[in-house]
Amino acid sequence: MVTRNSGKNKKPSNTRFQSFLFVWIAAVVSILSFVPAIPKLIPAGTQLRFSMTTLIVIQILSSVTVAAIFAAAGAILAPRIGFRACLAGVSIKKRAFWAILKRPFFYGAPIGFAGAVIAYFVSPDFIDYLNRYPFPTRLLGGLTEEVIVRWGFMTMITWALWRILQHGTGIPKESLIWFGVFLSQILFAAGHIPNLINFGITNPIRPVMTIFVISLPWGWLFWRYGLESAFIAHASFHAWVAFFVAVKL
C-alpha cells in the first residue's frame, strides 16, 4: 500500500549530503589534475623549506579541505535559493542521465567556445599563461574553481543578500542574483593575479579583464542550468583554446 506521503520520505539532509559528495568529488578530481602543474607554479630560484613531494602533499590536502568547506556551504545554502547541481543524487544507472546533462551541455559548450575565441584573439598573454599548464590540468582544473567561486562564493553572497534584504522569504530577486554573479566574478578574476605575476606577466590588467568577461556568463549558467553547465563551459573553454593553439589559428 502506497501512502500519500511516500514521495516525501527522502529527507532534505540526505539530499544535501548527496549534493556535497557529488560536488566535493568533482573538486577532488580537479585538484589531483593539478599535481603535474604544482612545480611550475613555484617561481624560479625559490628556496623550498620542504621537498617537492611534501609540498605537493600539503597543497593537495589544503586544497581538498578548502573544497570540502565550499562544497558543504553550497550543499546547505543552494537549495534554499534555487541553485542546484543537477546530477547530485541521480544514479548513473538511470537512462535519463544524458537527458539531465543535455540542456547544461547545450548552453555551456557554446559559451565556452565563444570565450575561447575572445581570449585567443584579445589576450595573447593570457593564452601563453594557460599553455604553461598541462592540458589535463586545464581541462579539469576549472572544476575546483567552479566549486569555490560559483557553488561556494556566489551561493553564499546571494543567500546572504536574500536573508538580509528579503528576510529569507520567497525566491531571491534577479537583481540580488546578478549582484552575486558580479561580485563572485570579481573575486574569480582577481584570484588569478598572483599566478599571472609568477609567470612573468608584469601587467596583468588585460588578462584579468579577459578572464572577467569570458567567464561572466558561467555564473549565469550556474544560476539557470545548474553547476554542471558551468563545469561544461569552463572545460569547453580550455579545450577550444588548446585546439586553437594546436592549429595555430
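Report on the accompanying structure. (Residues numbered from 1 in each chain as written. Predicted model: local features only at pLDDT ≥ 70, side-chain atom pairs only at ≥ 80, totals over all residues. Heavy atoms only, no water.)

1. Side note on the pattern of salt bridges
- Applying the stated criterion across every chain yields a total of three salt bridges.
- Across the pair D128 and R132 runs a salt bridge whose closest N-O atoms are separated by 2.9 Å.
- Assessed through its relative accessible area of 33%, R132 is described here as partly exposed.
- Across the salt bridge formed by R150 and E146, the nearest N and O atoms sit 2.7 Å from each other. Here the residue R150 and the residue E146 both occupy positions in helix α5 (residues 135–165), the gap between them amounting to four residues, near one helical turn.
- Given the relative accessible area of 0%, R150 is considered buried.
- For E146, a relative accessible area of 0% corresponds to the buried category. (Salt bridge = Lys/Arg side-chain N within 4 Å of Asp/Glu carboxyl O. Buried < 20%, exposed > 50% of the residue type's maximum accessible area, 1.4 Å probe, protein only. Helix = DSSP H or I, 4+ residues; strand = E, 2+ residues; numbered from the N terminus.)

2. Some words on the nonpolar core
- F83, F126, Y129, W151 and F237 are the most contacted members of the largest nonpolar core, which has 56 residues in total.
- Secondary-structure elements contributing two or more residues to this core are α1 (12–33), α2 (52–81), α3 (97–122), α4 (124–131), α5, α6 (174–190), α8 (205–225) and α9 (227–247).
- Top contributing element to this core by residue count: α8, with ten residues.
- Ignoring any residue separated from it by four or fewer positions in sequence, one finds F126 in contact with A119, P207, T210, I211, I214 and F237. (Core = buried A, V, L, I, M, F, W, Y, C linked by side-chain atoms within 4.5 Å. Contact = heavy atoms within 4.5 Å.)

3. Here we look at α6
- The end-to-end C-alpha distance of α6 is 24 Å, a good match for the 24 Å that 17 residues give at a rise of 1.5 Å each.
- Residues of α6 that are buried: L176, I177, G180, V181, S184, Q185, F188 and A189.
- Taken together, the buried residues of α6 touch α5, α7 (193–198), α8 and α9. (Expected span 1.5 Å × (residues − 1).)

4. Here's the deal with the environment of E228
- Among the structural elements, E228 can be located in helix α9.
- Judged by its relative accessible area of 3%, E228 is buried.
- Distance in space between the C-alpha atoms of E228 and F105 is 8.1 Å, their sequence separation being 123 residues.
- Discounting residues that sit within four places of it in the chain, E228 has contacts with F22, A85, C86, L87, A88, L101 and P104.
- Within the structure, the side chain of E228 is placed 2.7 Å from the backbone nitrogen of L87, a separation counted as a polar contact. (Polar contact = N/O pair within 3.5 Å; in protein donor to acceptor, adjacent residues only side chain to side chain.)

5. Let's talk about the packing of α4 against α9
- It is the contact of α4 with α9, at a shortest axis distance of 11 Å, that shows an interaxial angle of 100°. Comparing the axis directions of α4 and α9 gives the class roughly perpendicular. For the pair α4 and α9, the contacting residues are F126, I127, L130 and N131 in the first and F237, H238, V241 and V245 in the second. (Axes fitted to C-alpha atoms, helices over the stretch in contact; angles between N-to-C directions. Parallel < 35°, antiparallel > 145°, perpendicular 65-115°, else oblique.)

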